[in-house]
2 protein chains.
Amino acid sequence: MVTTETKIELLTRTAIASWKQVIGRVDELLSSTTDDGLEKEVAPGRNRIFYLVGHLAAVSDRLFPLLGLGERLHPEFDAEFLENPDAHAPTKVSAADLRKAWTDINSKFTAAIEALRPEQWLEKHTAVSDEDFAKDPLRNRLAVLLSRTNHASFHVGQIRLTQ
Amino acid sequence: MVTTETKIELLTRTAIASWKQVIGRVDELLSSTTDDGLEKEVAPGRNRIFYLVGHLAAVSDRLFPLLGLGERLHPEFDAEFLENPDAHAPTKVSAADLRKAWTDINSKFTAAIEALRPEQWLEKHTAVSDEDFAKDPLRNRLAVLLSRTNHASFHVGQIRLTQ
């Protein structure tokens, strides 16, 4: 019998599966792309694959504090991949660094969200005040995960134009 | 007090809000793009914005039967926007037709999913058998909605390259 508690768990597991599917698409794109291939721009003059993967890694990394899941692994990525546009040239992060950071961040993050109790997905994220959350209970952890899943898919669509 | 039933509703409302946000981004792109602008390719030789909007409209339209929500509005879109690649030339669907179909399909679809009871999101979609669903209860309506939300975001990312 499907109990109500089980229903909540099934809903949150469905959302986690969706996140893993999109992150898995980036994994596949990285596996099938050489380090030189990462330098390709998604459209003429637009971001390189390298930059977009770093950008997505930084955004995943920022989810640790945002969702109250612990410390970030690569706060130094923000300067290169969030606060500044693509330099369109090799920078101090190597392709090997990028690949390792991508895997480290997302495997740690996925393990952390899989360990949450289903009810914790409805709790507020750390960037919303108690007052604002009382007014809008949809500003919860699940909303953040879905938003970041969409964000990753947005950039996967761009990277796929290079294939 | 947040009851367990309310929790299920909050989770599903969060997912619906995520869908509406992504569809709203296409609405904004359509509003800010002229009919001529819809002919622009997202990258040299790649799909036109026009084609991608028709493609997303057709995919939304197919959600009516897939989620057991009634009849489709524009089955004729499949030939042009799903079964064949972009013709890269004006076809029998005009820009006015496309804009109207986009709005009609998504407003009807959003109303239909907002009318579902929260528990219905955990029911199987119509393309999975009872046997397969028993083995994998994540093949539910919510999984389809999240998958299509990601799909829309994937193409929004491509369209945004033209802006």
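Residues numbered from 1 in each chain as written. Chains lettered and ligands numbered in written order. Predicted model: local features only at pLDDT ≥ 70, side-chain atom pairs only at ≥ 80, totals over all residues. Heavy atoms only, no water.

Student: Can you help me understand the overall build of chain A in this one?
Tutor: Helix and strand content of chain A: seven helices and zero strands. Each helix and strand of chain A, placed in order from N terminus to C terminus, yields the pattern α-α-α-α-α-α-α. Compactness check: chain A gives a C-alpha radius of gyration of 17 Å against a globular reference of 15 Å for 163 residues, within 12% of the reference. Along the longest, intermediate and shortest principal axes, the C-alpha atoms of chain A span 50 × 35 × 25 Å. The buried share among the 163 residues of chain A stands at 52%. A fraction of 69% describes how many contacts in chain A between residues 6 or more apart in sequence connect residues 24 or more apart. Of the roughly 7,500 Å² of accessible surface on chain A, a fraction of 52% belongs to carbon and sulfur atoms. The averaged location of the 24 negative side-chain charges in chain A is 4 Å from the averaged location of its 20 positive side-chain charges. (Helix = DSSP H or I, 4+ residues; strand = E, 2+ residues; numbered from the N terminus. Rg over C-alpha atoms; globule rule 2.2 N^0.38 Å. Buried < 20%, exposed > 50% of the residue type's maximum accessible area, 1.4 Å probe, protein only. Contact = heavy atoms within 4.5 Å. Areas by Shrake-Rupley, 256 points an atom, 1.4 Å probe, with all protein chains shown as cover. Lys, Arg positive; Asp, Glu negative; His and termini not counted. Charge placed at Lys NZ, Arg CZ, Asp CG, Glu CD.)

Student: Sorry, what's going on with the interface of chain B and chain A here?
Tutor: Taken together, the contacts link 36 residues of chain B with 36 residues of chain A. At the boundary of chain B with chain A, total buried surface from both sides reaches about 3,200 Å², with 72% on carbon and sulfur atoms. Ranking the residues of chain B by area buried against chain A places B:Leu11, B:Asn150 and B:Leu161 at the top, with a combined share of 21%. Between chain B and chain A we count zero salt bridges in total. Across the contact surface, chain B and chain A share 10 residue pairs in polar contact (both at pLDDT 80 or more). Elements with a contribution of two residues or more to the side of chain B that touches chain A: helix H1 (4-31) and helix H7 (141-159) of chain B. Considering every element that reaches the side of chain B that touches chain A, the biggest residue donor is H1(B), with 13 residues. (Buried area = accessible area lost by both parts, 1.4 Å probe. Salt bridge = Lys/Arg side-chain N within 4 Å of Asp/Glu carboxyl O. Polar contact = N/O pair within 3.5 Å; in protein donor to acceptor, adjacent residues only side chain to side chain.)

Student: Hey, could you run me through the side chain of A:Ser153 in this one?
Tutor: Position of A:Ser153 among the secondary structure elements: in helix H7 (residues 141-159). We classify A:Ser153 as buried; its relative accessible area is 3%. Sequence-distant contacts of A:Ser153, that is, excluding residues within four places in its chain, are made with A:Val22, B:Asn150, B:Ser153 and B:Phe154.

Student: I'm lost on the pattern of salt bridges in this one. Help?
Tutor: Pairing between side chains becomes possible if they bear opposite charge and their charged atoms approach one another. All names here are of chain A. With the rule as written, the count across this model stands at 20 salt bridges over all chains. One salt bridge connects Arg141 with Glu123, and the closest N-O pair in it is separated by 2.7 Å. One end of the pair, Arg141, is in helix H7; the other, Glu123, is in the loop between helix H5 (95-114) and helix H6 (130-135), and 18 residues separate them in sequence. The exposure class of Glu123 is partly exposed, given its relative accessible area of 35%. Here Asp132 ties to Lys135 by a salt bridge, and the two come within 3.6 Å at their closest N and O atoms. Of this pair, Asp132 and Lys135 are both found in helix H6, three residues apart, which corresponds to roughly one turn of the helix.

Student: Explain unusual backbone geometry here, please?
Tutor: Note: most residues except glycine have negative phi, and most peptide bonds are trans. Phi is positive for A:His88, which is not a glycine, with a value near 55°. Take A:His88: its relative accessible area is 34%, and that puts it in the partly exposed class.

Student: For this particular structure, what's the right way to read the relation of the copies chain B and chain A?
Tutor: Two chain copies here: they are related by a rotation about an axis and a translation along the same axis. For these two chains of identical sequence, chain B goes onto chain A by a turn of 180° and a shift of 0.0 Å along the axis, with RMSD 0.0 Å. Here the transformation between the copies is reduced to the relation of a two-fold axis. Minimal C-alpha distance to the rotation axis in chain B is attained by B:Phe154, lying at 2.1 Å. With an isologous cut-off of 70% or more, the 100% of interface residues of chain B that recur at the interface of chain A puts this contact in the isologous class. (Least-squares fit on C-alpha atoms with pLDDT ≥ 70 in both.)

Student: Would you mind going over the environment of B:Arg139 with me for this structure?
Tutor: Residues and elements named next belong to chain B. Among the secondary structure elements, Arg139 is positioned in the loop between helix H6 (130-135) and H7. Take Arg139: its relative accessible area is 33%, and that puts it in the partly exposed class. Separated by 10 residues in the primary sequence, Arg139 and Ser129 have C-alpha atoms spaced 9.9 Å apart. Apart from the residues within four sequence positions on either side, Arg139 is in contact with Lys124, His125, Val128, Asp132 and Phe133.

Student: Help me out: how do you make sense of helix H2 (residues 49-61) of chain A in this one?
Tutor: In an α-helix, one turn spans 3.6 residues; hence positions three or four apart end up facing the same way. Helix length check: H2(A), at 13 residues, gives a terminal C-alpha distance of 18 Å against a target of 18 Å (1.5 Å per residue), a fit within 8%. Burial analysis of H2(A) places 13 of its 13 residues in the buried class, the great majority of the element. (Expected span 1.5 Å × (residues − 1).)

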